[in-house]
Amino acid sequence: MAVGSAALEFTPDVEALTAPVWEKVRTRVTPIEWRLHAPLIAEINRLKREKKAVILAHNYMTPEIFHGVGDFVGDSLGLAREAAKTPARIIVQAGVQFMAETSKVLCPDKTVLIPDLRAGCSLAASITAADVRLIKERYPGVPVVTYVNTTAEVKAEADLCCTSANAVQVVEVAARTAGSDRVILLPDEFLARNVARQTSVRIVAWAGRCEVHERFDADDIRQVREAWPNAEILAHPECPTEVLELVDFAGSTSAMSDYVVKRQPRQVVLITECSMADNIAAEAPATEFLRPCNLCPHMKRITLENIHEALVRERLRGRSRAGDHRARAARGPTDDRPAASRAAGPLRSRQGAPPRRRGADLIRFAAAAA
Ligand code: SF4
């Protein structure tokens, strides 16, 4: 078990300390599981105070992490904003590698820990900085917007960075600022296609995909409608377009959460990662959350045990790999100023080493015409 686990027992003190968390997760966590989770939650929260640390927990974390130890919870954009303004000495990223890199980019002087360096992302892994340079060579003068789900090196090649919550707005700002009718939006093909449906800007897309959301298809939605005709169906914009055309609402994880918490539908289906429903359930007690959903194997690498270990050891191998040079390079596109104010200035000049050509079979363009 985790470092120092010998002292981690389910005592009456631990039970009392963690009782408010138990109230939030009791419909999602069994009593037997809780006896294992509660001592870790109490100890992690003690360590956070001792070490001046905060935990940024993504919406796809399991409920014991999300409700038990997360100081700030939300989507990539919300967590990046919290990272930028926290006075804490240590940031523990309960999420995946690109999120920790983003935090490091925004907070180069802080220690950013990720509890398991293997927590990757199929989207971030789909494209390299060399790929982006090659694309820019092929589309000279066309601004590049990267989705936040990319490495710091890829962000450093871009003009602007977006999330699923603001992709349309950022694409339009990029086009307007560059005086271009086209924008390259990387790397999620489905997000790019879904943005293209909402703007007159022509979108050039890369064929990256989220391995969680690409697995949903139109048949899934039709079956859900047939089984639960009164359920409201919400989907993430990383899903295929055929899915989004059939659902009631499409939005980022935070937008889906806001939708459910404000409207409290009687039945809802969240076409996204499974922990979303578990985490919103505490704030929507009257809502019945129906499946299907898919698990993200990368997000699920983060556990209470390895969060505890990261805090105890402040271990080097758990630090974000985002070095200072990458942090400086990527700071421009990741800047959290409102897109409109950033647009007032010129886009960054595109410099760097000449592109090293890769095999053409590795360059997969998918034109997503508006
Ligand atoms: S859910 Fe998809 S986009 Fe998010 S970390 Fe997992 S693979 Fe990447």
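In case you missed it, the structure is sitting above this.
Here the structure is a predicted model, which means the values were calculated and not measured.

A. Highlighting the sheet that holds strand β3 (residues 90-94). Spatially, β2-β1-β3-β4 is the arrangement adopted by the four strands of the open sheet, whose pairing is parallel. Of all the strands in the sheet, just β2 (72-74) and β4 (111-113) have a single pairing partner and so form its edges. Taking each pair of neighbouring strands and ignoring which way they run, the sheet shows an average axis angle of 20 degrees. Both strand β1 (residues 53-58) and β3 contribute to a ladder of five bridges, which runs parallel.

B. Molecular detail of the site of the ligand. Taken together, Val-96, Cys-121, Ser-122, Leu-123, Asn-149, Cys-210, Glu-211, Val-212, Glu-273, Cys-296, His-298 and Met-299 make up all the residues around the ligand. Grouping the constituent residues of the shell around the ligand by class yields seven nonpolar, three polar and two charged.

C. Layout of the packing of helix α3 (residues 31-51) against helix α15 (residues 304-313). Two elements in contact, α3 and α15, have axes whose closest approach is 10 Å; the angle formed by their N-to-C orientations is 25 degrees. Put simply, α3 runs roughly parallel to α15. Considering only the axes of α3 and α15, their crossing is left-handed. Contacts between α3 and α15 pair His-37, Leu-40, Ile-41, Glu-43, Ile-44, Leu-47 and Lys-51 from the former with Leu-304, Glu-305, Ile-307, His-308, Leu-311 and Val-312 from the latter.

D. Local environment of the sheet that holds strand β11 (residues 267-271). Taking strand neighbours across the sheet as the criterion, the four strands line up as β10-β9-β11-β12 in an open arrangement whose pairing is parallel. Of all strands in the sheet, those bounded by a partner on one side alone are β10 (249-250) and β12 (288-290).

E. The pairing of β3, seen in detail. Summarising burial for β3: four of the five residues are buried, a large majority. Here three bridges tie β3 to β4, and the two strands are oriented parallel to one another. Within β4, the position partnered with Ile-90 by the bridge is Thr-111.

Criteria and thresholds
Residues numbered from 1 in each chain as written. Predicted model: local features only at pLDDT ≥ 70, side-chain atom pairs only at ≥ 80, totals over all residues. Pairing = 2+ DSSP bridges. Helix = DSSP H or I, 4+ residues; strand = E, 2+ residues; numbered from the N terminus. Axes fitted to C-alpha atoms, helices over the stretch in contact; angles between N-to-C directions. Near = placed C-beta within 6 Å. Nonpolar A, V, L, I, M, F, W, Y, C, P; charged D, E, K, R; others polar. Parallel < 35°, antiparallel > 145°, perpendicular 65-115°, else oblique. Left-handed = near helix turned anticlockwise from the far one by under 90°. Contact = placed C-beta atoms within 7 Å. Buried ≥ 20, exposed ≤ 12 C-beta atoms within 10 Å, placed from the backbone.

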